[in-house]
Amino acid sequence: MVYLNGNDALVFDTPTNNKASSELIDWIGKRKIKGVVVTHFHIDCLGGLKEFHLNEIESYASKLTIELAKKDGQELPRQSFDDKIAFVVGKKIAYAQFFGQGHTKDNVVGYVPSEKALFGGCLIKALNSGKGNLVDANTNQWSTTVERIKNKIDGIEVVIPGHGKNGGIELLDFTIQLFKEK
Ligand SMILES: [Zn+2]
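Residues numbered from 1 in each chain as written. Predicted model: local features only at pLDDT ≥ 70, side-chain atom pairs only at ≥ 80, totals over all residues. Heavy atoms only, no water.

Trainee: Please explain the sheet that holds strand β2 (residues 8-12) as it appears in this structure.
Mentor: Each strand in a sheet pairs with another by means of backbone hydrogen bonds, the pair being arranged parallel or else antiparallel. Read across the sheet, 5 strands follow the order β1-β2-β3-β4-β5 without closing on themselves; strand pairing throughout is mixed. Of all strands in the sheet, those bounded by a partner on one side alone are β1 (2-5) and β5 (79-81). With direction set aside, neighbouring strand axes in the sheet form an average angle of 20°. Bridge count for strand β3 (residues 32-37) against strand β4 (residues 59-62) is 2 bridges, and the pairing is parallel. Residue pairing for β4: Val36 is matched across the bridge by Ser59. In the packing of helix α1 (residues 18-28) onto the sheet, the strands contacted are β1, β2 and β3, and the crossing angle to β1 comes to about 15°. Strands in contact with helix α4 (residues 63-71) are β4 and β5; relative to β4, the strand with the most contacts, it is inclined by about 95°. (Pairing = 2+ DSSP bridges. Helix = DSSP H or I, 4+ residues; strand = E, 2+ residues; numbered from the N terminus. Axes fitted to C-alpha atoms, helices over the stretch in contact; angles between N-to-C directions. Contact = heavy atoms within 4.5 Å.)

In structure tokens form, the structure reads like this:
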């Protein structure tokens, strides 16, 4: 997700490689990119991080994400946070926050209260999609984590998953159900 407000931009997750990151940075154009937030340690969140660093754009991730990315030998986000971080983007505030384990044990989501928008990343599934890559998942906690997001973030209307089509609150319900099935 890219959040644009006024002359600012905030990026949640890099494209999977540096070439695509370069295209994204070009597309954002003259706006100031306040940062890129890596929402978990997999390649589809930080595979294009080097290009952001080459463009002197600050990068952010939770301490746990950085620790896990380090084990994987990835390019590392430079600024860390514990459970939650806030950004000023134009006149609005955007957050990244950890609500619990699911797709991975470090997955955080992004949200912009003023836009009623949630970026779920790989923690939130597009309608009718499968469970995806479960190599690092905690399938027992997944539904509980998504229920927590639904209960704690007020008024979500737009939900953007890590892969596939965006939608509304039904993506949260779909994901909760998907991981309740045994
Ligand atoms: Zn992933």
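Continuing now.
Trainee: I would appreciate a short explanation of the environment of Asn55 in the present structure.
Mentor: Residue placement: Asn55 occurs in the loop between α3 (49-54) and β4. Residue Asn55 is classed as partly exposed on the basis of its relative accessible area, which comes to 37%. Remark: the alpha-carbon pair of Asn55 and Gly155, spanning 100 residues in sequence, is separated by 35 Å. (Buried < 20%, exposed > 50% of the residue type's maximum accessible area, 1.4 Å probe, protein only.)

Trainee: What should I look at first to understand the coordination of the zinc ion in this one?
Mentor: Taken together, His40 (NE2), His42 (ND1) and His103 (NE2) make up the full set of protein donors to the zinc ion, lying 2.0 to 2.1 Å away. Here the donor residues for the zinc ion map to a single chain with the spacing H-x1-H-x60-H. With His40 in the loop between β3 and α2 (43-46) and His103 in the loop between β7 (92-98) and β8 (108-112), this pair connects stretches of sequence that are 63 residues apart. Each member of the pair, His40 as well as His103, is classed as buried. (Donors = N, O, S within 2.8 Å, 3.2 Å for Na, K, Ca; no water.)

Trainee: Hey, could you run me through helix α5 (residues 142-152) in this one?
Mentor: The periodicity of an α-helix, 3.6 residues per turn, causes residues three or four positions apart to be oriented the same way. Taken together, the buried positions of α5 are Trp142, Ser143, Thr145, Val146 and Ile149. Projected down its long axis, α5 shows its buried positions confined to an angular sector of 165°, all on one face. Relative to its buried face, α5 has exposed residues pointing more than 90 degrees away, namely Asn151 and Lys152. (Arc of directions from axis to C-beta.)

Trainee: Whenever I open this one, the packing of aromatic side chains confuses me. Can you help?
Mentor: Two aromatic rings are characterised by how far apart their centres lie and by the angle between their planes. A complete count under the given rule lists 5 aromatic pairs for this structure. Consider the rings of Phe99 and Tyr111, whose centres lie 6.5 Å apart with planes at 50°: the pair is tilted. Of the two residues, Phe99 is situated in the loop between β7 and β8 and Tyr111 in strand β8; the sequence distance between them amounts to 12 residues. Residue Phe99 shares its accessibility class with Tyr111, and that shared class is buried. Both rings, one in Trp142 and one in Phe179, keep their centres 3.7 Å apart while their planes meet at 10°; by these two values the pair is stacked. Linking Trp142 in helix α5 with Phe179 in the segment after α6 (170-178), this pair joins segments that are 37 residues apart in sequence. Among the residues examined, Phe179 registers a relative accessible area of 5% and is labelled buried. Of the aromatic side chains, those joined through ring pairs into one cluster are Tyr95, Phe99 and Tyr111. The aromatic ring of Tyr95 is capped on one face by Lys84, whose charged end is 4.7 Å from the ring centroid. (Phe/Tyr/Trp six-rings, centres within 6.5 Å; stacked < 30°, edge-to-face > 60°. Lys NZ or Arg CZ within 6 Å of the ring centre and 35° of its normal.)

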